[in-house]
Structures are given as C-alpha cells and as structure tokens.
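As a plain string of letters, each chain reads:
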Amino acid sequence: MAKQINTIGVLTSGGDAPGMNATIRAVVRTALSKGKKVVGIKRGFNGLISGEIYEMCSKDVSDIIQRGGTILHTARCLEFIKPEGQKRGAEMCRVFGIDGLVVIGGDGSFKGAEKLAGLGINTIGVPGTIDLDIACTDYTIGFDTAVNTAMEAIDKVRDTSTSHERCSVVEVMGRDAGYIALWCGITNGAEAVLLPEKKNMSEEELIRMIIENRNKGKRHNLIINAEGSPEDSVKLAKKIEEVTGISTRATILGHLQRGGSPSAVDRMHASMMGSIAVDLLCEGKSNRVVAYKEGRYLDYDINEALEMQKSISEKRYDLSRILSI
C-alpha cells in the first residue's frame, strides 16, 4: 500500500540555477491544490539537518517565477555525505512530519536524495543545474538561461576585441561538462572550442590556426574554453600573444552565468518538472528523478539515473565542420 502523503518538503541543493524559483513555485502550488501541506527547507541538506524548516503558502511563492537564484538559498553539505548526517536528515523529516521531499539540484543532490529514500523518506529529484550534465535527461533547469547569458557576454567581448584586432580566449562554466562551451562556440561563431570530453587542438595547432587566419586577413579570433578542459585560459592567452605577437586577452565569465531572470524555456520546464514531482509523491513513488527525454517528461530510478553516462557525440557535433562555416 502506498504511503499517504500529507506534508511535502522542498529544498534546493548544490549550485544555484535560473529556474529553481519556478520549480519551488510549482511544487508549492501543485501540492496546495491537492490539499497537502508544504514546508520549505532553507540551505539545502544543511538546513534539513539543522531544522531550518518553515510552512509555505501560496503567497510565499508569488512574484518569484521571474527571479534568478533560489528563495530557499542553497549550500553544499559535507556532513550529509556521511551516514550519520543522512540519518539526522531523515530524523528531521520525521520530526517535522515530512512524508515526501522534492530535491532540486544536480547529481550530488540526487545522491543525497537516494540516501534519504533508503531511510524511508519518499524522495523525488528535479534536475536543476546549468551544466546539462545529468545523463538521464536531455534538459536541466538553468541551462538555457546560462548559455544565453554567456552568449550575450561573448558577443560583447567580441565587439571590443574586434575593434582592437585582438584574439580572445573566453572561459565559460560547466564544471566537467562542455555543453555551455559547445553551444557558445557554435552560436558565437568561435574559431575553436576546447572541451573536457574531446581531444582538443594542441597549443601548437591552435597557434598555427591563428597565424593562418591572420595571413588570410582575419583580424580577430575567438576561442571558447570550458572550465573543465585541460587548458588554463590565462596561460593559453599569454602563450598565444608571445608566439604570434597578436594582443590576446583571457576573459573568465564566472558566476554571472548562474544569475539573471530565467528564460521562458527554463520557466516552462521548471514549472512542469516541479508539478510532476508532486504528482509522483502523491502516487506513492520514491527514489525517482524527473527527466525530459525526446520531447517527453519521464521519471527514472535515482540509482539507474546516476549510473547513466553522458558524452558529447562526435556524430551530432562535428565541430570541424560547424565552426568553419
């Protein structure tokens, strides 16, 4: 017999992502529409362990769908990696009468959710990360906004670099995944993209390409570097300038990619995924991750989802052809 769900908790964990607030809003309003009590948990698993938990009403999530970040705040919790911390979290759920929990975050957050499910707390994960690195889903909340933020910033960098006839090395976020770099490389018309998942051009090949471009009359080169790639952006820019004599600047976009009002795409997916997470809990399901795959919303077992591998397909993204257009 499925466990009766009366109180649903929601938390955001790990790195923040635009659209997390839209997910929280959907969780709260869907749960309330089903006659459930909803509690917000501040600062992720840290807040769960310390009992930073409060009841939420519809008014608490008014006027937040357009806001970046997360109203519940977020943090990484080393204590929750240990069994003792996991048991404290499960016990705090029982103290506050939390029958089901929605965890919004990345793969690290899902590992925590899986541990709580193993301790008897019905738990559903919603993929919220700008990195697009969760293998079970084609989409993660925050990616669309982050990649558009990066694209617009790179356009501006290119404007000024072109005026000075410089070479630009722009580093974007993504941790160990190169999707933001890949998308920016294509949409910004870069000459080269350096990714963690692929064998990249060597420094010598990159420098030779820049010199050949100069000899053809090209006055500006744009190189997109993913933060997880082996190349250090500042050192690479220095090496290019030393060898070619072309003024070269490294620009590290950093955390501005996490902020800003979420795009329509992020708001839509976030709202749908948050609502589906509540539906799954009310159906008595646990240890699941909401996913968007091939145009459909699905759910996977968390253990199965964590075991899946994701890579940038050579067949799908032939950069040697796309970047030369």
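Here the structure is shown first, and the text comes after it.
Parameters and conventions
- Residues numbered from 1 in each chain as written.
- Predicted model: local features only at pLDDT ≥ 70, side-chain atom pairs only at ≥ 80, totals over all residues.
- Heavy atoms only, no water.
- Helix = DSSP H or I, 4+ residues; strand = E, 2+ residues; numbered from the N terminus.
- Contact = heavy atoms within 4.5 Å.
- Phe/Tyr/Trp six-rings, centres within 6.5 Å; stacked < 30°, edge-to-face > 60°.
- Buried < 20%, exposed > 50% of the residue type's maximum accessible area, 1.4 Å probe, protein only.
- Core = buried A, V, L, I, M, F, W, Y, C linked by side-chain atoms within 4.5 Å.
- Pairing = 2+ DSSP bridges.
- Axes fitted to C-alpha atoms, helices over the stretch in contact; angles between N-to-C directions.

Description of the environment of histidine 73
One can find histidine 73 in the loop between strand E3 (53–56) and helix H3 (83–95). Residues histidine 73 and glycine 15, 58 residues apart in the sequence, show an inter-C-alpha distance of 9.9 Å. When near neighbours in sequence (up to four residues on either side) are disregarded, histidine 73 contacts Thr12, Arg43 and Gly44.

Structural notes on the packing of aromatic side chains
Applying the stated criterion to the full structure yields three aromatic pairs. Seen in terms of ring centroids, phenylalanine 143 and tryptophan 183 are 5.1 Å apart; in terms of plane orientation they differ by 90°. Their pairing is edge-to-face. Of the two residues, phenylalanine 143 sits in helix H5 (residues 143–163) while tryptophan 183 sits in helix H6 (residues 179–187), which places them 40 residues apart along the sequence. By relative accessible area, which is 2% here, phenylalanine 143 ends up buried.

Comments concerning the nonpolar core
In terms of nonpolar packing, the biggest core is built from 55 residues, with Ile24, Val102, Ile180 and Ile224 touching the most fellow members. Beyond its immediate sequence surroundings of up to four residues, isoleucine 180 is in contact with Ile130, Phe143, Ala146, Val147, Ala150, Val172, Met173, Gly174 and Gln257. Among the nonpolar cores identified, the runner-up in size contains 26 residues, and Ile41, Leu48, Ile53 and Cys77 belong to it.

Here's the deal with the sheet that holds strand E6 (residues 167–172)
Taken together, four strands build an open sheet; the order of strands is E7-E8-E6-E9 and the sheet is parallel. Only two strands of the sheet have a single neighbouring strand rather than two, namely strand E7 (192–194) and strand E9 (248–252). The average angle at which neighbouring strand axes cross in this sheet is 15°, direction not considered. With six bridges connecting them, E6 and strand E8 (residues 221–226) associate as parallel partners. Across the sheet, the residue bridging to valine 170 is isoleucine 224, located in E8. Sheet strands in contact with H6 are E6, E7 and E8, and its direction is about 165° off that of E8. Against the sheet, helix H8 (residues 233–244) makes contact with E6, E7, E8 and E9, and its axis sits at roughly 170° relative to E9, the strand it touches most.

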